[in-house]
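These are the residues of each chain, in order.
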Number of protein chains: 4
Amino acid sequence: MAGSNLGTIFKITTWGESHGKGVGVVIDGCPAGLPLCEADIQKFLDRRKPGQSRFSTPRKEADAAEILSGVFDGKTTGTPISILVRNENQHSGDYSEIASYYRPGHADYTFDAKYGFRDYRGGGRSSGRETIGRVAAGAVASKILSGMGVSILTYTRSIGPVTISDERFDRSEISANPLCMPDAAAAKAAQDYLDSCIRNQDSAGGVIECIITGMPAGVGEPVFGKLDARLAGAIFSIGAVKGFEVGAGFEAAQKKGSENNDAFTTDSEGNITKKTNHAGGILGGMSDGDPIIFRAAVKPTPSIARTQQTIRKDGTPIEISIAGRHDPVIVPRAVVVVESMAALTLTDLLLLNMSARV
Amino acid sequence: MAGSNLGTIFKITTWGESHGKGVGVVIDGCPAGLPLCEADIQKFLDRRKPGQSRFSTPRKEADAAEILSGVFDGKTTGTPISILVRNENQHSGDYSEIASYYRPGHADYTFDAKYGFRDYRGGGRSSGRETIGRVAAGAVASKILSGMGVSILTYTRSIGPVTISDERFDRSEISANPLCMPDAAAAKAAQDYLDSCIRNQDSAGGVIECIITGMPAGVGEPVFGKLDARLAGAIFSIGAVKGFEVGAGFEAAQKKGSENNDAFTTDSEGNITKKTNHAGGILGGMSDGDPIIFRAAVKPTPSIARTQQTIRKDGTPIEISIAGRHDPVIVPRAVVVVESMAALTLTDLLLLNMSARV
Amino acid sequence: MAGSNLGTIFKITTWGESHGKGVGVVIDGCPAGLPLCEADIQKFLDRRKPGQSRFSTPRKEADAAEILSGVFDGKTTGTPISILVRNENQHSGDYSEIASYYRPGHADYTFDAKYGFRDYRGGGRSSGRETIGRVAAGAVASKILSGMGVSILTYTRSIGPVTISDERFDRSEISANPLCMPDAAAAKAAQDYLDSCIRNQDSAGGVIECIITGMPAGVGEPVFGKLDARLAGAIFSIGAVKGFEVGAGFEAAQKKGSENNDAFTTDSEGNITKKTNHAGGILGGMSDGDPIIFRAAVKPTPSIARTQQTIRKDGTPIEISIAGRHDPVIVPRAVVVVESMAALTLTDLLLLNMSARV
Amino acid sequence: MAGSNLGTIFKITTWGESHGKGVGVVIDGCPAGLPLCEADIQKFLDRRKPGQSRFSTPRKEADAAEILSGVFDGKTTGTPISILVRNENQHSGDYSEIASYYRPGHADYTFDAKYGFRDYRGGGRSSGRETIGRVAAGAVASKILSGMGVSILTYTRSIGPVTISDERFDRSEISANPLCMPDAAAAKAAQDYLDSCIRNQDSAGGVIECIITGMPAGVGEPVFGKLDARLAGAIFSIGAVKGFEVGAGFEAAQKKGSENNDAFTTDSEGNITKKTNHAGGILGGMSDGDPIIFRAAVKPTPSIARTQQTIRKDGTPIEISIAGRHDPVIVPRAVVVVESMAALTLTDLLLLNMSARV
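Here the structure is a predicted model, which is why all the values come from computation and not from measurement.

**Q** How do you make sense of the interface of chain A and chain B when you look at a structure like this?
**A** Reports often express the size of an interface as the amount of accessible area lost when the parts come together. Counting residues at the interface gives 105 residues for chain A, matched by 104 residues for chain B. Counting the surface lost from both chain A and chain B, the interface buries some 7,900 Å², and carbon and sulfur atoms represent 62% of this. Applying the counting criterion to the chain A and chain B interface returns two salt bridges. For A:E221, the salt bridge identified is with B:K114, shortest N-O distance 3.0 Å. Remark: the boundary between chain A and chain B carries 39 residue pairs in polar contact (both at pLDDT 80 or more). Residue composition of the side of chain A that touches chain B, by class: 46 nonpolar, 37 polar and 22 charged. The pairing of strand β11 (residues 241–246) of chain A with strand β11 (residues 241–246) of chain B spans three bridges and is antiparallel. Bridged to A:E245 within β11(B) is B:G243.

So, in structure tokens, the structure goes:
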């Protein structure tokens, strides 16, 4: 076990189940002196809050963060920061039936296989609510990065078959449409697609893209602590992620060396940079000073109202229809989760990098 | 720093540079009582040895493994297993020129940026020789897995634009052609493609696929220690990997929930299984008992003889042509590296799983 | 930083300051299926609660534990167990003066030196309240150990100059007197000594002893994970501990080999045991099946009402008299903290030991 | 398992058995740019080499260190430093008898209990030769510390009943007598005592003291990463250590607060210091800028020629007399081991401290 810890210096431990008393995180290793208040965290949590459009569950969850420790006189003290979000909207009664069978695409069976039983209420520990602790910690990491000149832009690249156009890329659109797509036309088309999914009692997936600027070169640890390896592990720890790629990603596998190599050059200020960025800002597992670019593939929400075949715990077949308030797509709400995981990874590696040289 | 360690219980530490005295690995936490000899390790190392076809560097490297500790009377003792492979074929003189500039697609610049200088001989720590320690440790992990009924099949899925056909899939072909492709026709086409790359002083990439059978359900640790997250981190720590996906992978992002969900069912012996396996054998970060399937995208070899633009350390432009003995494609040699990283990850998680229940 | 985590499999993270909103712990890696309720934890917390005799601070602290996660239907689920104790009795106003100077024997100066400032209210993170998280986690570990047949007896061996007599050792006395001494006469003498300390506005220290029975042989990891090394680190992480010894301890340094060696023998049931136990139940860093015995030296409470010399933050000299409600001796309240740290260490090593052999 | 790793940033992994092919260490996380050569390491190894006086085993062991990686152009590169010492003087034939019984005071029985069998040749992994890896790594850590202005003085405080006099303390004596005692008269008396032990086929223990100067204030991590806790764990991981104390140590338990508290003051340059140093330079688990002082109790060598009672593996009683070349006292040779473990601990905590503040 012991899988709820992440990081070497900037180390987080998340806890909590969907329908327990609450969820939260303890951040150990946050440097002292960082200005921090609950509003900093709330701003991030609000980005993953449900009920903000017809494309997310209409459940009402205030998800109000309370900082319990580690902050004094408005600044971090260097001691662990414990953040608590109480669960408010549990209806445990709704879940008695779910206890008896295994939902397709969910972790019901694997939890039983591992532990012998499970907290079946709302998915328990495998619920999307588990990401609240990550996002709260990600808000803190983002403040550190921001102070170091690093910024992270994360958005929806595609939903189902609808992908943004690089020509129409408009950063301001990300917060202007409910799908976090930087392309108004694609966002419109994706909404139409989602409406048809909803009508068909079905769900959709998508791809999230993340661009990090301002990272100094040399961050990341060869061999197993490579920046891309650490990002891959962090992003793949998000429940619904099924694919991860950096820079040219899977396309690089089809290219020739002469096409994929990025020529080094200098910019107008004499700084070393590259003419292209197929590498996605990472060479040999270390940042090269150019923007770090990665994408994550998110599977369609497994909870659908449509009738599905499955089995009971004893193996007998059963047909189910998952009622209730589920997201037809989780991609837009997952954008801030991806951003948080990136922020946590970068912060830890930046702090580790402080001891790279005597 | 401190990036050369991997694992929680079954923990490896690799060391060594391309042109130093040698490379190696220390395995800490290997259970006692496992039969082990140098031949077990050599078998794995020979799979990554160069010079076995015209598609890999003609360098001659014996890569003979010596077990220095942790084995007594033919069995592991539970204490650290130190494995040493001496470097034999160094010509440090060849590399003086390389010290002065930054090769595109290589880690030269990022090493300098991080540490202030680098061991420039043959790529130093970022050389492909660094994977020898991984493969030696992977051989040990594979013996443990084998004893637990777990087997791993790894092969080349595609090289450049040439992909195997699932209809022609022939397991025996993997060791029958120099490209490790389980499809004789694709292997032929890929060889033609590589020959044209060689003629054009260029290189190719590809995709490696891995299928693990026999894993009991429930292995992997929620939340950050998910089986897929740990695999993603391990596979992405291999130098040239730019993408990673599990099961349906990036395609899942385009599917609907009703298409992507795998219905649970029971097999003829009453064991729980799934009608399809889009999940790739992992649900909620834990093995579900079905085959675990993942793919890794490998970029084209950055070292090409063709003329390239780059800069010297001081920023002045330079045209280079990388002479020497380089692999036109590293995918076939990387197959055993991917398999080793998978074996290491699975072994560690299987040992961790022993304490899942009281 | 990152110093608030302990353990490899059974891993705890404590958080909280004396006068923040609360203190607590997250336990990651607790096996599933352990019966657990808040009363189990409360029983341990009550043993460290102040105000139970005239020898501890008269502060009233309910210290009620709330389990926020990781328990379902009365059993642990294998997911993180988060335990919260709200602080109730803060009077932050009392501490404004303390902010300006450095109390002798306290961590005021070192916190400032490390972090640039500190949460000066009641000692902040270095307060004795920090141990609440340890004790709550220790209660959980003790339940696991108990189920494995391991039991821990911890008591006060000495207070100031008063030491228990081995001849008068009476286990039932430990809970019968306020000083947790297994010797009524010594407890009486120690109370007289403490009364004189109180009259003189002074404080006392003492020695705590711990005896663990029922540990199977072979637990503990050579080399750096030795059972005694892990115990030493865990016990020395308790604020006021200045010495630690196992078995014959410092006396062993004066003995001859022929005196200190323990002859192996078999007991009436044929089990391997030793004729003597100078080793304290640990050989080569692993339990040998005999009782594990260690002692911890606890310094006198640094907060005393008597006038002391010290300096302000700017270096100017000042005379202080620490008013308020302080323990004249913390040894009796620290007994359960020592026991908890032992329980946490043993539990982690027992779980690690599950993968010692294939 | 997994007990052969130590450290968070400056991380070492030792390996090797007494009579295997060799022993060694891999140091991961050493900052780049540190001048380092084999002579730096040899100097430390020579301090623990046997056969330097009649008070250590007459075995001849060259113990020549070979640096296999991580150093280029005379400086550390930031990548793992692998150091190998080949074993030369193995006579495995000598040890066949030992395989059948359990030596008192040794780890024979506990190794069998843990792993099912053991490498019985010369103690295997529990041999004193295991410390070679620690000392080699300690030499590297000491170079880093030295560059930061930190120096470590370690010596024998007592052997058997003979203790140095603080009045006669003479630093130059440490390297002038074979017992590393900073007091010529005590060294003479101790030699007489050891001669009588040898005559009686017996052995002696002793106490090692270590004084570290030049540490900046604020190093060490509350709560579990306290400087004293980390030192305690590191020192107690040395085979024969049975006790550890800091500053006033066990004596503090008998003192009153008014006696034990150290008044803060300023020195002639206005720096904050303390009038006394009962704390041993550590407050709240962080260095306070004053000398760090600790002591370790070392038990008498368990291998003695005198006849001893013990049992065979099957439980039958046997009388043994351990022939061969054993140290009548290991304290002088352990001095550099203690110093190395201190250096490793301090270095890791100094590097961790770099990220204490934003």
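**Q** Honestly, the sheet that holds strand β2 (residues 11–16) of chain A in this entry has me stumped. Any pointers?
**A** One key point about sheets: their strands pair by backbone hydrogen bonds, in either a parallel or an antiparallel sense. Residue and element names in this part refer to chain A. Spatially, β1-β2-β3-β7-β4 is the arrangement adopted by the five strands of the open sheet, whose pairing is antiparallel. One side of each edge strand has no neighbouring strand; the edge strands of this open sheet are β1 (5–6) and β4 (65–67). The pairing of β2 with strand β3 (residues 22–28) spans six bridges and is antiparallel. Bridging across to β3, W15 finds its partner in G24. Strands in contact with helix α1 (residues 38–48) are β4 and β7 (81–86); relative to β4, the strand with the most contacts, it is inclined by about 150 degrees.

**Q** What am I meant to see in the relation of the copies chain D and chain A here?
**A** Taken together, a rotation about one axis and a shift along it account for how the two chain copies relate. Its rotation angle being 180 degrees, the transformation that places chain D on chain A also includes 0.0 Å of axial translation and leaves an RMSD of 0.0 Å. Such values leave the two copies arranged in the relation of a two-fold axis. Ranked by how close their C-alpha atoms come to the rotation axis, the residues of chain D are headed by D:M354, at 3.3 Å.

**Q** What is the right way to read the interface of chain D and chain A from this model?
**A** The interface of chain D with chain A comprises 13 residues on the first partner and 13 residues on the second. Summed over both sides, the interface of chain D with chain A buries roughly 1,100 Å², with 71% coming from carbon and sulfur. The largest per-residue losses of area from chain D upon contact with chain A belong to D:M354, D:S355 and D:V358, which jointly make up 42% of the total buried on that side. In this structure, the connection of chain D to chain A is made through zero salt bridges. Between chain D and chain A we count four residue pairs in polar contact (both at pLDDT 80 or more) in total. Tallied by class, residues from the side of chain D that touches chain A come to nine nonpolar, three polar and one charged.

About the cut-offs
Residues numbered from 1 in each chain as written. Chains lettered and ligands numbered in written order. Predicted model: local features only at pLDDT ≥ 70, side-chain atom pairs only at ≥ 80, totals over all residues. Heavy atoms only, no water. Contact = heavy atoms within 4.5 Å. Buried area = accessible area lost by both parts, 1.4 Å probe. Salt bridge = Lys/Arg side-chain N within 4 Å of Asp/Glu carboxyl O. Polar contact = N/O pair within 3.5 Å; in protein donor to acceptor, adjacent residues only side chain to side chain. Nonpolar A, V, L, I, M, F, W, Y, C, P; charged D, E, K, R; others polar. Pairing = 2+ DSSP bridges. Helix = DSSP H or I, 4+ residues; strand = E, 2+ residues; numbered from the N terminus. Axes fitted to C-alpha atoms, helices over the stretch in contact; angles between N-to-C directions. Least-squares fit on C-alpha atoms with pLDDT ≥ 70 in both.

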